[in-house]
Structure formats: C-alpha cells, structure tokens
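Listed here are the chains, written in short residue letters.
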Amino acid sequence: MAEEWKPKTTVMLLGTAALPSSKPVELQRCVAAPSTSNAHYNLALTSKARDEFLAAGAAHHPSFTAAKQACEKYLPLMYGFVEAIERNPSVRLNAPINFSWSSPMRDSKKSQLYTCYSHNLEVIMVLMSYGYSMINLAQSQCRECTTEQSFNETAPKIVKLLKEAAGVFTYVATQEIPRWTDAPPDRPAETHPNIAEAFALIALAAAQELMVVKGALTGTSPGILAKYARRA
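Calculation rules
- Residues numbered from 1 in each chain as written.
- Predicted model: local features only at pLDDT ≥ 70, side-chain atom pairs only at ≥ 80, totals over all residues.
- Heavy atoms only, no water.
- Salt bridge = Lys/Arg side-chain N within 4 Å of Asp/Glu carboxyl O.
- Helix = DSSP H or I, 4+ residues; strand = E, 2+ residues; numbered from the N terminus.
- Buried < 20%, exposed > 50% of the residue type's maximum accessible area, 1.4 Å probe, protein only.
- Pairing = 2+ DSSP bridges.
- Contact = heavy atoms within 4.5 Å.
- Axes fitted to C-alpha atoms, helices over the stretch in contact; angles between N-to-C directions.
- Expected span 1.5 Å × (residues − 1).
- Bend = angle between axes of the 7 residues up to and from the residue.
- Phe/Tyr/Trp six-rings, centres within 6.5 Å; stacked < 30°, edge-to-face > 60°.

1. Quick look at the pattern of salt bridges
What the rule picks out here adds up to eight salt bridges. Between E83 and R87 there is a salt bridge, and its shortest N-O distance comes to 3.1 Å. Of the two residues, E83 and R87 are both situated in helix α3 (residues 64–87); the distance of four residues between them amounts to about one turn of the helix. Its relative accessible area of 40% is what places E83 among the partly exposed residues. The exposure class assigned to R87 is exposed, which follows from its relative accessible area of 61%. Put simply, E176 and R179 hold a salt bridge, and the shortest N to O gap is 3.0 Å. Pair noted here: E176 and R179 are both in helix α5 (residues 148–179), with a separation of three residues, about one helical turn. On the accessibility criterion, R179 (45% relative accessible area) is partly exposed. Each member of the salt-bridge network shares a partner with another, and the members are K48, E52 and K73.

Shown next, in the form of structure tokens:
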C-alpha cells in the first residue's frame, strides 16, 4: 500500500494552539446607557457574540473555521464597546467590569484565571485568540492536503492565513500591549510583547517556508527559491 503523501513543511509540526478561555460577562448589566438609545440591545448583542466566540474555542472537537468566524463576529462589537466606554460621555459603568482570562502558557502552580478590571486585557486576549485560530486553521488545511496537486492549490490560502496571523500578532505587540500602561506584573504571557512578536515570527516563517516548498514542487527557478528562502 502506497504511503499517503504529506507536504514536508514545519507547519505540520506546529501543533494545535490551545485558545485562551474566559468567564462570561453580561455587559448589558455592567453599563448604564441612556434609556432612549439602543445601547442595551447592542450590549446584549456584544455579550452574545462574546459567548459564541468563547464557546467555539472551548468546544471538545473545535471547528477551526467556526472559531475564526466567531472571533471575526465579536471583534468589531468588542471595539465598538471599548470606543463607547472610552469616548461616549453618556455611557457610564454601573460597576467596574471584571474580565477573567486563562492562558494556555500559564504556570500550572498558579491560579488558572487572571482577573482585572481593564478592557485592555480583553482586547489583547481576543486578538491573540484570533491569531491562534488562524494558525490552527492553516495547519488543518495543510493536513488535508494528500496530493501535490491539492497542496499546490491550497498553499496560497494557507500562506494568506499565516501572514494574516503574523499581522495580528504584530499589531498586538506594537499597538495594543503598549496601550495597557497600568498592566500588573502578574498577567497572561500573551500580554507581553515578546510573546506576540515570537508568534508573529513563527507564522511568517511558516508562510515563507510554504512558498519555498510550493515553488520547489512547481518548478520555480532556483534563483527565486533562494529569495524566498532568505526571507524565511
């Protein structure tokens, strides 16, 4: 029986990234918004999207596509919520919002949950989860390639996913983490810029390697392959 063909790439060796988990938060109960506005409806919608995002990541046999899509649904609502509480004077909090997150990279001897009242923690952990979900989806698509033809057809999509993941991690490291100016010393590993930068480099290197592998299989000239390899 012939051995099943598999692409020779380190993407296959990355392993599935465990997504951070969090406790539910009923935003509509935490925020006092004008009764004449549709703010309460929007807050309930945001809470629902957040719950769906967390459920997709916590599923026993998660769908990587569903996890990515759930995150994409929650992200704009999350940023709308942050914008409202930061810039809208008619929106005030009934009480500080308590965000609790666990990190897959946590020290097992410490508490499973990191809790604080800063929405910066929420933003960073959701974005990191988004990046992880794209890496997981890229790896899943790579594993489904059982012939050179299927790999050559799918590789551009996988490369796009990995590059987008690298962009998310870079954004977290250069934009969102620096905004958290009062971050406590004891916080999830994902909220440190060097961790986000490391994941960005891993995703980008994997994308460049896939381009080299695909190029070698499709007869790309050695000169072009050398350029790809130097970037990897």
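2. Regarding the sheet that holds strand β1 (residues 21–22)
Spatially, three strands are ordered β1-β4-β5 in an open sheet, and the strand pairing comes out antiparallel. Bordering the open sheet on either side are β1 and β5 (114–116), each of which pairs with just one other strand. With three bridges joining them, strand β4 (residues 99–102) and β5 adopt antiparallel strand pairing. By the bridge assignment, W101 is partnered in β5 with Y114. Seen against the sheet, helix α2 (residues 39–58) touches β1 and β4 and runs at an angle of roughly 15 degrees to β4.

3. Here's the deal with α5
Between the first and last C-alpha of α5 there are 45 Å, a value that for 32 residues agrees with the 46 Å anticipated at 1.5 Å per step. At T154, α5 shows its maximal kink, close to 40 degrees; a proline, P156, follows between one and four residues later.

4. Points about the side chain of N136
Tracing the backbone shows N136 in helix α4 (residues 119–143). Relative accessible area serves as the criterion here: at 2%, N136 is assigned to the buried category.

5. Concerning the packing of aromatic side chains
Enumeration over the complete set of coordinates arrives at five aromatic pairs. Ring centres of F53 and W101 lie 6.4 Å apart, and the angle between their planes is 50 degrees; on these two criteria the pair is classed as tilted. You can see F53 sitting in helix α2 and its partner W101 sitting in strand β4, a full 48 residues away along the chain. Overall, the relative accessible area of 6% leaves F53 in the buried class. Residue classification places W101 among the buried residues on the basis of a relative accessible area of 0%. Each ring, one from Y132 and one from F199, has its centre 5.1 Å from the other, and the planes form 65 degrees; the classification is edge-to-face. Taken together, the positions of Y132 in helix α4 and F199 in helix α6 (residues 193–217) put the pair 67 residues apart, joining distant regions of the chain. Accessibility classification places Y132 together with F199 in one group, the buried group.

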